[in-house]
Each structure stands twice: as C-alpha cells, then as structure tokens.
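What follows is each chain in one-letter form.
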Amino acid sequence: AFSDAGAQEQPHGLVAGTAPFGTSWPGSTPEIFAPGVVNTDGVEINLVFNRDNTELFFARTVNKVFFIYTSRLVNGTWTVPERLELYAEGVSGQAVDMALSPDGQSLYFLGLTPEGETTQSDIWVSERRDGGWSLARRLGPSVNTGHGEFYPTVVADGSLYFVSDRPSELGPRNLHRAARRADGGFEPAVPVGPPIDTEHRKGDTFVAPDESYLIFSSRDREGHGSGDLFVAFRTPDGGWTEPKNMGP
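Residues numbered from 1 in each chain as written. Predicted model: local features only at pLDDT ≥ 70, side-chain atom pairs only at ≥ 80, totals over all residues. Heavy atoms only, no water.

### A short note on the overall build of the protein chain
The secondary structure content of the protein chain amounts to zero helices and 18 strands. By the compact-globule yardstick of 18 Å for 248 residues, the protein chain fits well, its C-alpha radius of gyration being 18 Å. Seen along its three principal axes, the alpha-carbon backbone of the protein chain occupies a region of about 50 × 45 × 40 Å. For the protein chain, buried positions account for 46% of its 248 residues. A fraction of 35% describes how many contacts in the protein chain between residues 6 or more apart in sequence connect residues 24 or more apart. A total accessible area of about 12800 Å² is found for the protein chain, and carbon and sulfur atoms account for 52% of it. The average position of the 20 basic charges and that of the 33 acidic charges among the side chains of the protein chain differ by 2 Å. (Helix = DSSP H or I, 4+ residues; strand = E, 2+ residues; numbered from the N terminus. Rg over C-alpha atoms; globule rule 2.2 N^0.38 Å. Buried < 20%, exposed > 50% of the residue type's maximum accessible area, 1.4 Å probe, protein only. Contact = heavy atoms within 4.5 Å. Areas by Shrake-Rupley, 256 points an atom, 1.4 Å probe, with all protein chains shown as cover. Lys, Arg positive; Asp, Glu negative; His and termini not counted. Charge placed at Lys NZ, Arg CZ, Asp CG, Glu CD.)

Dropping the structure here:
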C-alpha cells in the first residue's frame, strides 16, 4: 500500500526499485502521470509497469484506434513513448488491456481484430526479442474461443487469468485460469468459480503474482457508483473469500 506521506513503501508484488515518478512514490492525492509524455490531449489507458518500475506500457488512441506504447525511465525521465507494431502487415487490429509477465519477457494483451462483419476479442502475446518485441500471436484454444476473451493478467508461475464471455451456468463474464505447462503452452482454462464467478459481471481483473489476492471491477454488485473495485483473498484451502467492495 502507499503511505499517506508518500514514503518509499513498495506495493505488494513489486521489488524495490526506482519510483515511477523518478523521485518518490506518490502520496494519497492522485497526480497526473508524466504529463506531455504519457498523458496528452489524446486518450491514454491501461498503464502497467515492469517489476523495477523502469519500463511502462499503455494504450493510446490514434484516429480512434487503440495502439500499445512503451517508454523507459532514463536518468529520472521517461522517454518519448514508442508505438509497438504488434500485428503482421495487413492486420488492422486494435490492442488494449495489456499485462506484462513477471519476468518482463511476454506482453499479453486484448486484440480486437476484424472477423468479417464482426470484431473478435481474443488474447494475444508478444515476446521480447533482440531488444524489441515480436509480432504478436493469438493464443490457442486453451484460452481463446469463438466468444470474447478479455483482461489478461499473468502470475509468477506463468499461468494466465482472464475474463471470458463463453456460456456458463455460473453467470456472465466469468474469470478463468489457464495453468502454464512446462513446454510453455497452457492447460485448458477453467472458471475460478464462486464466490468470484456469480451472476454479476466483472472486468479489469488483476491477480497478485503470488495469487494471494485478486481485484476486479463490477457494475452489477452493489457499490458506490457505476463501476466499483472489489478485492478477494486466497483462503487456506485454495478458494477465495467473498469479494469485498474496496470502499469510497
């Protein structure tokens, strides 16, 4: 957690390193991050950092299309963001909702690509290579289906959590976990189950690297506004506590 004084207390799951602002961790009052560099007159969303807070990724709109950008902290200053060209030539997809693997070598994201007259929502991955990033590939049927898959988040052992629109008796838009295999692939994804998966929709999921807690947003659960954040903690038997509204 951040202290009110803005001291160098590290968030859970991050190692000690340079603060994102290049000087110190922010206090309890929100501040615009890197104005004129990351934040501009356009739309910027989905900011994520690497483990030592020296590299960041975010999505920005260009002519109403979302692309992923990256920047590095050099001598206390964030470099001019560079757009990642993640799709092969001829693919006009958008890229948002990215998640960086804990080792910093894989960038997962929600790819929105045209499929005939519709748009397919699938999870893609790009790998760090030769100082840059490879063309992305769509994950296979262990993760993606003919339905929408959204909001990837990666944990320490490489397993992938994500939200899916696939039909389920548990309710709409359930959270799934695909375990990472030794060969680098994924086991077929399975729903996390109650009390996380219920009749209430969810999105914008984050799971701690050690899987000790998860956070998601929901518009359906009783809360303070049109979309609230909820937190649940891992129980000793491997389940999850009842999600709790994170408060005003």
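### Considerations on the nonpolar core
Of all hydrophobic cores here, the largest spans 31 residues; its most connected members are Phe57, Ile68, Met98, Leu107, Phe109 and Leu214. Breaking this core down by element, the ones donating at least two residues are strand S2 (55-62), strand S3 (65-74), strand S6 (94-100), strand S7 (106-115), strand S11 (149-154), strand S12 (160-164), strand S16 (213-218) and strand S17 (228-233). The dominant element in this core, judged by the number of residues it contributes, is S6, at four residues. With twelve residues, the next largest nonpolar core counts Leu139, Val154, Phe162 and Ala178 among its residues. (Core = buried A, V, L, I, M, F, W, Y, C linked by side-chain atoms within 4.5 Å.)

### Quick word on the environment of Gly193
Along the chain, the position of Gly193 falls in the loop between strand S14 (190-191) and strand S15 (203-207). Judged by relative accessible area, Gly193 falls into the buried class, the value being 8%.

### A word on the pairing of strand S8 (residues 118-129)
In terms of strand pairing, S7 meets S8 through ten bridges, oriented antiparallel. Paired with Leu110 across the strands is Ile123, a residue of S8. Connecting S7 to the antiparallel partner S8 that follows it, the hairpin turn spans two residues, and Gly116 within it adopts a positive phi of roughly 70 degrees. Both S8 and strand S10 (residues 137-138) contribute to a ladder of two bridges, which runs antiparallel. Bridge pairing in S10 links Val125 to Arg137. (Pairing = 2+ DSSP bridges.)

### Some remarks on the sheet that holds S16
Across a sheet, paired strands are connected by hydrogen bonds in the backbone, their directions being either parallel or antiparallel. If you walk across this open sheet you meet the four strands as S15-S16-S17-S18, and the pairing is antiparallel. Sheet topology places S15 and strand S18 (244-245) at the edges, where each strand pairs with a single neighbour. Pairing of S17 with S18, which is carried by two bridges, proceeds in the antiparallel orientation. Bridge pairing links Val231 to Lys244 in S18.

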